[in-house]
Amino acid sequence: MITIGLVLSAGGTSGAAYHAGVLSGLFEATGWDPRTADLIVGTSAGASTAIGLRAGLSATDHSAYYANEELSPEGQTIRNRVITPLNLPKSPPPHKSLWPANPYLIFQGVLGRGRPRPVVSLAGMLPEGQGDASSLSARINESHPDPWPNMSTWICSVDLDSGKRVVFGRDDVECDVGTAVQASSSIPGYFQPVELNGVRYVDGGIHSSTNADLVAPLGLDIVIISSAMTAVPSESPWPGGPIGRAWHSRTLRREVERIRSYGTSVLVFQPTSEDLRVRGEDNMSVDNPEEICQMARTSTLAHLSNPHVVKSRKILERSLNQPT
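Predicted model only: the values in this text are computed from it and were never measured. (Residues numbered from 1 in each chain as written. Predicted model: local features only at pLDDT ≥ 70, side-chain atom pairs only at ≥ 80, totals over all residues. Heavy atoms only, no water.)

Enquirer: Residues and numbers for the side chain of Asp-275, please.
Expert: Structurally, the position occupied by Asp-275 is in helix H10 (residues 273-279). Nearest to the buried, unbridged Asp-275 among oppositely charged side chains is Arg-279, at 8.1 Å. In terms of polar contacts, Asp-275 uses its side chain to reach the side chain of Ser-299, at 2.9 Å. Contact partners of Asp-275, with chain neighbours within four places excluded, come to Tyr-18, Gln-270, Met-295, Ala-296 and Ser-299. (Helix = DSSP H or I, 4+ residues; strand = E, 2+ residues; numbered from the N terminus. Buried < 20%, exposed > 50% of the residue type's maximum accessible area, 1.4 Å probe, protein only. Lys, Arg positive; Asp, Glu negative; His and termini not counted. Salt bridge = Lys/Arg side-chain N within 4 Å of Asp/Glu carboxyl O. Polar contact = N/O pair within 3.5 Å; in protein donor to acceptor, adjacent residues only side chain to side chain. Contact = heavy atoms within 4.5 Å.)

Pasting the structure below:
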């Protein structure tokens, strides 16, 4: 049996639209249905997409949603379950206090064991966010009424008190999918942390925008990564480009190297210059999701026509012929 992992990165509203375009293009070109992935790892925006897939929303329906097109009957049934309006603040609400959320992390992220994670330090430095993202949790639970998917699904967050990554669906932390996605999406300084049993959880993207290293030792045949916060090598240098994009891109390269060191094939989709032009600088913008999604589909189709990805395509094609 061919085993397939799918990794969906952080990236805000524009990141979710990007994932929809990537998945749509991937399905169009190969026929592989991302709902069938043996494991899905989602972070922040990618966590919402992951649960959408596990709820039964197809790649085509994800794309149709952002393009304002008609969904399939199956997709419309899923969308009809969602009755809570999405009510997220368009900008960070005023802080109750300017005291850092966790001064310990200011040092732990840079001086702690392992690779430095300056975004973890930044999360500790910022005041605790006040934005209410509970409507996101409600909508996720409405779309996926069961507490957790039957198929392996890992949602990444960070313990704001220790700075350590927490993986809902893998680690011994019990919660429903809506709470997990809200925690994974709680941008430090912007949204309120999600508190469970006295522990505060925030956006998993502060550990890694992709968290793809989680799949390295699992012995999967292929891992597909949709990475909205990085960019192709020509668009991710520093100096010369945004330091955040360069940092996330470097982290992803390390993660991909680690996955491949275990003998697993890796197929990576990340923004091109045209994707970046369409998206702009504001990851939370809701101005042009249709354009972002369509451009991601186009760049995905172009990437899949590259001779360098023939091996990955063949693995996906073989997976379509195996018994279910």
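Enquirer: For the pattern of salt bridges, give the residues involved together with the corresponding values.
Expert: According to the stated counting rule, one finds 8 salt bridges in the structure shown. Here Arg-165 and Asp-213 are joined by a salt bridge, their closest N and O atoms 3.0 Å apart. You can see Arg-165 sitting in strand S4 (residues 165-168) and its partner Asp-213 sitting in the loop between strand S6 (199-203) and strand S7 (222-226), a full 48 residues away along the chain. A residue is classified by how much of its surface remains accessible, and Asp-213, at 16% relative accessible area, is buried.

Enquirer: Talk me through the pairing of S7; I want residue IDs and the actual numbers.
Expert: Extensive coverage of S7 is indicated by the burial of 5 of its 5 residues. Pairing between strand S1 (residues 4-8) and S7: 5 bridges, direction parallel. From the neighbouring strand, Gly-5 faces S7, where its bridge partner is Val-223. Here S7 pairs with strand S8 (residues 265-269) via 5 bridges, running parallel. From the neighbouring strand, Ile-225 faces S8, where its bridge partner is Val-268. Traced from S7 through helix H9 (residues 243-261) to S8, the parallel crossover comes out right-handed. (Pairing = 2+ DSSP bridges. Right-handed = clockwise from strand over helix to strand, strands pointing away.)

Enquirer: Account for the packing of helix H7 (residues 134-143) against helix H8 (residues 177-184), naming residues and giving values.
Expert: Between H7 and H8, the least distance of the axes is 7 Å, while the angle of their chain directions is 140 degrees. If you check the angle between H7 and H8, you find them oblique. Taken as a pair, H7 and H8 cross one another with a handedness that is right-handed. Residues Ser-134, Leu-136, Ser-137, Ile-140 and Asn-141 of H7 lie in contact with H8, whose contacting residues are Val-177, Gly-178, Thr-179, Val-181 and Gln-182. Tallied by class, residues from the contact of H7 with H8 come to 4 nonpolar, 6 polar and no charged. (Axes fitted to C-alpha atoms, helices over the stretch in contact; angles between N-to-C directions. Parallel < 35°, antiparallel > 145°, perpendicular 65-115°, else oblique. Left-handed = near helix turned anticlockwise from the far one by under 90°. Nonpolar A, V, L, I, M, F, W, Y, C, P; charged D, E, K, R; others polar.)

Enquirer: I'd like to hear about the packing of aromatic side chains, residue by residue, with values.
Expert: For any pair of aromatic rings, the description rests on two quantities: the centre-to-centre distance and the angle between the ring planes. Tallied over the full model, the rule gives 3 aromatic pairs. Measuring from centroid to centroid gives 5.0 Å for Tyr-65 and Tyr-66, while their planes differ by 85 degrees, and the two rings are edge-to-face. Under the relative-accessibility criterion, Tyr-66 is labelled buried at 18%. Aromatic side chains Phe-168 and Tyr-201 sit 5.3 Å apart centroid to centroid with 65 degrees between the ring planes, which places their arrangement in the edge-to-face category. Within this pair, whereas Phe-168 is found in strand S4, its partner Tyr-201 is found in strand S6, the two being separated by 33 residues in sequence. For Tyr-201, a relative accessible area of 5% gives the class buried. Over the ring of Trp-154 we find Arg-170, and its NZ or CZ is 5.6 Å from the ring centre. (Phe/Tyr/Trp six-rings, centres within 6.5 Å; stacked < 30°, edge-to-face > 60°. Lys NZ or Arg CZ within 6 Å of the ring centre and 35° of its normal.)

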